[in-house]
Amino acid sequence: ATVKVDATPELARKIPDTLFGVFFEEINHAGAGGIWAELVSNRGFEAGGPHTPSNIHPWSIVGDDSSIFVATDRSSCFSRNIVALRMEVLCNDCPAGGVGIYNPGFWGMNIEDGKTYNLVIYVKSPETADLTVSLTSPDGLQNLASINLKVAGTSNWTKLEQKLVAKGTNRTSRLQITTHNKGVIWFDQVSLMPADTYKGHGFRSDLISMLLDLKPRFFRFPGGCFVEGEWLRNAFRWRESIGPWEERPGHFGDVWHYWTDDGLGYYEYLQLSEDLGAAPIWVFNNGISHHDEVDTAIIAPFVKDVLDGLEFAKGSANSTWGSVRAAMGHPEPFPLKYVAIGNEDCGKKHYRGNYLKFYNAIRDAYPDIQMISNCDGSSRRLDHPADLFDFHVYTDSKTLFSMMNEFDSTSRDGPKAFVSEYAVWKRDAGKGSLLASLAEAAFLTGLERNSDIVQMASYAPLFVNTNDRRWNPDAIVFNTWQHYGTPSYWMQTLFRESSGAMVHPITINSRYSNSLAASAITWQDSGNSFLRVKIVNFGWHAVIVRIATTGLEASVNAVGSAVTVLTSDNVMDENSFSHPEKVVPVKRQLRNAAEYMRVRLAPHSLTSFDLAL
Ligand code: AHR
């Protein structure tokens, strides 16, 4: 087999700087109980909405019916999340450890020896009370940290702030608040955050480092179906997710079935984009959910709401909404240049009508913003204006492999393509198999070749907390304290240099060409130039290939050249917490690096040949 690369500069084309990025959705507890480091679940006792009795799950009591009585009421000092917890201590002679409440976090809190945790509690106690706040093992027996707090008797709410330093490690700890004092105390907005979050911005550093390793050029957020909701009343609303965390109402995401306190809100998503060096892409609700729609005739308030959201992100610190952002700590505008008008709503009754209202208003107010339509323009013209069209694909590995040519015949006159969700799923995906990652790699080589029309692409979903696997497979798997990348994650690391690189014509002549896919790029790293030829071997046999490169302006240097292979013994192999690196790229020196070289492609593999120039 021969793979011919024509590296003649005149035939090269620049790949968009934005080609590969990430799509973050609040799904699988990716945010709450995931990258957002808050350890308390349902910190405002609001999980049932503004009703009383509200749902205090997973809070529970320390004591029993005869010693303690808890119930929610509407006495909070925060008007947008009015529910608070009223705790009545009934015992005169309480048990030695006291009675009270505890929160087990999201499937247990990961408390680590020597680490500091920032605690905030809002409390109201008509009588003076002594509280003990501790981090303990799940049965309450092992004490990892504890402090005593004296609460002055007053009818006003008081904010208490403390640091807890752990003197032991327990991955499934709980936070408990206990007392021996008979009487009534109210609690609200109880927060426990590790002090060492990424850049101090509230994110779990280990999970963010996985994102940084992908060098994502854009960050699409916050969904997905999460943006739509099963019903409009449960859709994500940017306005409810900004400002002081204590004042956010939170909401029940009815598509993926869990409550979020919305500590990870619109501002935090923009902040994370900045921290990742990725262009933010805001997907907003366009008045359409899975089951209900706002008629175009009355969509105006929704349009106004989105314009306010854009002002929040992009307006000067003196503007109405820009000043709210500035007060949150970011006086400089965020460089928000892309918005998606809805998610997967093309064809719904009011999609086109609503779309045009949003499109025209945004075009007028923010001519620099690129707008993304939900309608697929890969094989036919859109009947509405758009800068990009959204393309989602979840299919079996064979189909996705063959889709490497999907955009070959897309019109070059229309909007650009944004492949914002792609993945192999169901039948041959396992929980993230090597096979899936190879089909995806082949698909991506096609996107590189077609990157004159494909401007952006991202895998989906990005994260899964194994305690709530709503969608399978995913790129990054985690629990309270561990994480690993699936082969699909590692596959993407071999594409991270492609954004902004030059792509070159490549041809494959082989009797195995039905199971091979390839692309060639050149790029620079710290002043050094490289040619990268990536080849997917989707077949069961090893293939010997002659890679012939012509048109290079510089000669190939074996020193500094490398070959990286993603493969495994079994095509359905996966990574796991016990074997996190079973299927990961393995890099070694490429001793025979040259314009003409004979190489071996392992069965079921992705190989990246990096030639130093
Ligand atoms: O990525 C999971 C879901 O797939 C997204 O929420 C949705 O956009 C698509 O249907």
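Structural data are supplied above this passage.
The rules behind the values
- Residues numbered from 1 in each chain as written.
- Predicted model: local features only at pLDDT ≥ 70, side-chain atom pairs only at ≥ 80, totals over all residues.
- Heavy atoms only, no water.
- Buried < 20%, exposed > 50% of the residue type's maximum accessible area, 1.4 Å probe, protein only.
- Helix = DSSP H or I, 4+ residues; strand = E, 2+ residues; numbered from the N terminus.
- Arc of directions from axis to C-beta.
- Contact = heavy atoms within 4.5 Å.
- Salt bridge = Lys/Arg side-chain N within 4 Å of Asp/Glu carboxyl O.
- Pairing = 2+ DSSP bridges.
- Axes fitted to C-alpha atoms, helices over the stretch in contact; angles between N-to-C directions.
- Disulfide = S-S within 2.5 Å.
- Phe/Tyr/Trp six-rings, centres within 6.5 Å; stacked < 30°, edge-to-face > 60°.

Student: Is there a simple way to explain helix α5 (residues 320-327) in this structure?
Tutor: The periodicity of an α-helix, 3.6 residues per turn, causes residues three or four positions apart to be oriented the same way. Restricting attention to buried positions, one finds in α5 the residues Trp321, Gly322 and Arg325. One face of α5 carries all of its buried residues, which in axial projection span an arc of 105 degrees. Facing away from the buried side of α5 by more than 90 degrees, the exposed set consists of Thr320 and Ala327. In this structure, the buried residues of α5 make contact with α3 (266-276) and α4 (300-314). At the exit of α5 stands glycine 329, carrying a positive phi of roughly 115 degrees.

Student: Help me understand unusual backbone geometry, please; the structure alone is not making it clear to me.
Tutor: Note: most residues except glycine have negative phi, and most peptide bonds are trans. Histidine 57 connects to proline 58 through a cis peptide bond whose omega is 5 degrees. Within the secondary structure, proline 58 sits in the loop between β3 (22-23) and β4 (60-62). With an omega dihedral of -10 degrees, the bond running from phenylalanine 221 to proline 222 counts as a cis peptide bond. Counting through the fold element by element, proline 222 comes out in the loop between β15 (218-221) and α2 (225-228). Phi at histidine 29 is positive, roughly 55 degrees, even though this residue is not glycine. The residue aspartate 262 is not glycine, and still its phi comes out positive at about 60 degrees. For aspartate 262, the position within the fold is in the loop between β17 (258-260) and α3.

Student: Sorry if this is basic, but what is going on with the side chain of serine 273 here?
Tutor: Summarising the element assignment, serine 273 is placed in helix α3. The contacts of serine 273, once residues within four sequence positions are left out, are Phe219, Phe221, Ala278 and Pro280.

Student: Whenever I open this one, the pattern of salt bridges confuses me. Can you help?
Tutor: When charged atoms on two side chains of opposite charge get close, those side chains can pair. The full count for this structure, using the stated rule, is 32 salt bridges. A salt bridge links aspartate 408 to arginine 449; the nearest nitrogen and oxygen atoms lie 3.7 Å apart. You can see aspartate 408 sitting in the loop between α7 (397-402) and β22 (416-424) and its partner arginine 449 sitting in helix α8 (residues 434-449), a full 41 residues away along the chain. According to the relative accessible area criterion, aspartate 408 is partly exposed, its value standing at 38%. For arginine 449, a relative accessible area of 27% gives the class partly exposed.

Student: Looking at this structure, how should I read the sheet that holds β22?
Tutor: The strands making up a sheet associate through backbone hydrogen bonding, with each pair oriented either parallel or antiparallel. The sheet built from eight strands is open, its strands ordered β3-β15-β18-β19-β20-β21-β22-β23 with parallel pairing. With partners counted over all chains shown, the strands left at the sheet margins are β3 and β23 (454-459), one partner each. Strand direction decides the pairing type here: strand β18 (residues 279-284) and strand β19 (residues 338-341), joined by four bridges, are parallel. Bridge pairing in β19 links isoleucine 281 to tyrosine 338. Across the sheet, α8 lies against β21 (388-395), β22 and β23, angled at about 170 degrees from β22, the strand it touches most.

Student: What should I look at first to understand the state of the cysteines in this one?
Tutor: Evaluated as defined, the whole model comprises two disulfides. Here cysteine 91 engages in a disulfide with cysteine 94; their sulfurs sit 1.9 Å apart. Looking down the S-S bond of the cysteine 91 and cysteine 94 bridge, the torsion is 95 degrees, so its handedness is right-handed. With a relative accessible area of 10%, cysteine 91 lands in the buried category. With relative accessibility at 10%, the residue cysteine 94 sits in the buried group. What pairs with cysteine 346 in a disulfide is cysteine 375, and their sulfur atoms sit 2.0 Å apart. Because the torsion about its S-S bond is 100 degrees, the bridge between cysteine 346 and cysteine 375 counts as right-handed. Here cysteine 346, found in the loop between β19 and α6 (351-365), pairs with cysteine 375, found in the loop between β20 (370-373) and β21; they are 29 residues apart in sequence, far enough to count as distant. Once the bonded cysteines of the protein chain are numbered in order along the sequence, the disulfide links fall as 1-2, 3-4. There is no disulfide at cysteine 225, and the cysteine sulfur nearest it, in cysteine 346, is 15 Å away.

Student: Help me out: how do you make sense of the sheet that holds strand β28 (residues 506-509) in this one?
Tutor: Taken in spatial order, the four strands line up as β28-β1-β31-β34 in an open sheet, and their pairing is mixed. Since the sheet does not close on itself, it has two edges, and those belong to β28 and β34 (596-601), each with one partner. Neighbouring strand axes in the sheet, compared pairwise and without regard to direction, differ in orientation by 20 degrees on average. The pairing of strand β31 (residues 543-550) with β34 spans six bridges and is antiparallel. Following the sheet pairing, valine 543 is matched in β34 by leucine 601.

Student: Just checking my understanding: could you explain the environment of tyrosine 269 for this structure?
Tutor: Assignment of secondary structure puts tyrosine 269 in helix α3. Through-space distance from the C-alpha of tyrosine 269 to that of proline 280 is 8.1 Å; in sequence the pair is eleven residues apart.

Student: Explanation requested: the packing of aromatic side chains in the structure shown.
Tutor: To describe a pair of aromatic rings, one takes the distance between the centres and the angle between the planes. Under the counting rule described, the total for this entry stands at 36 aromatic pairs. Between the aromatic rings of phenylalanine 78 and tyrosine 122, the centroid separation amounts to 4.9 Å while the plane-to-plane angle is 80 degrees, which identifies the pairing as edge-to-face. A residue pair is termed long-range when its members are at least 10 positions apart, and phenylalanine 78 in the loop between β5 (68-73) and β6 (84-89) and tyrosine 122 in strand β9 (residues 116-124) qualify at 44 residues. Residue class for phenylalanine 78 comes out buried when judged on its relative accessible area of 9%. According to the relative accessible area criterion, tyrosine 122 is buried, its value standing at 9%.

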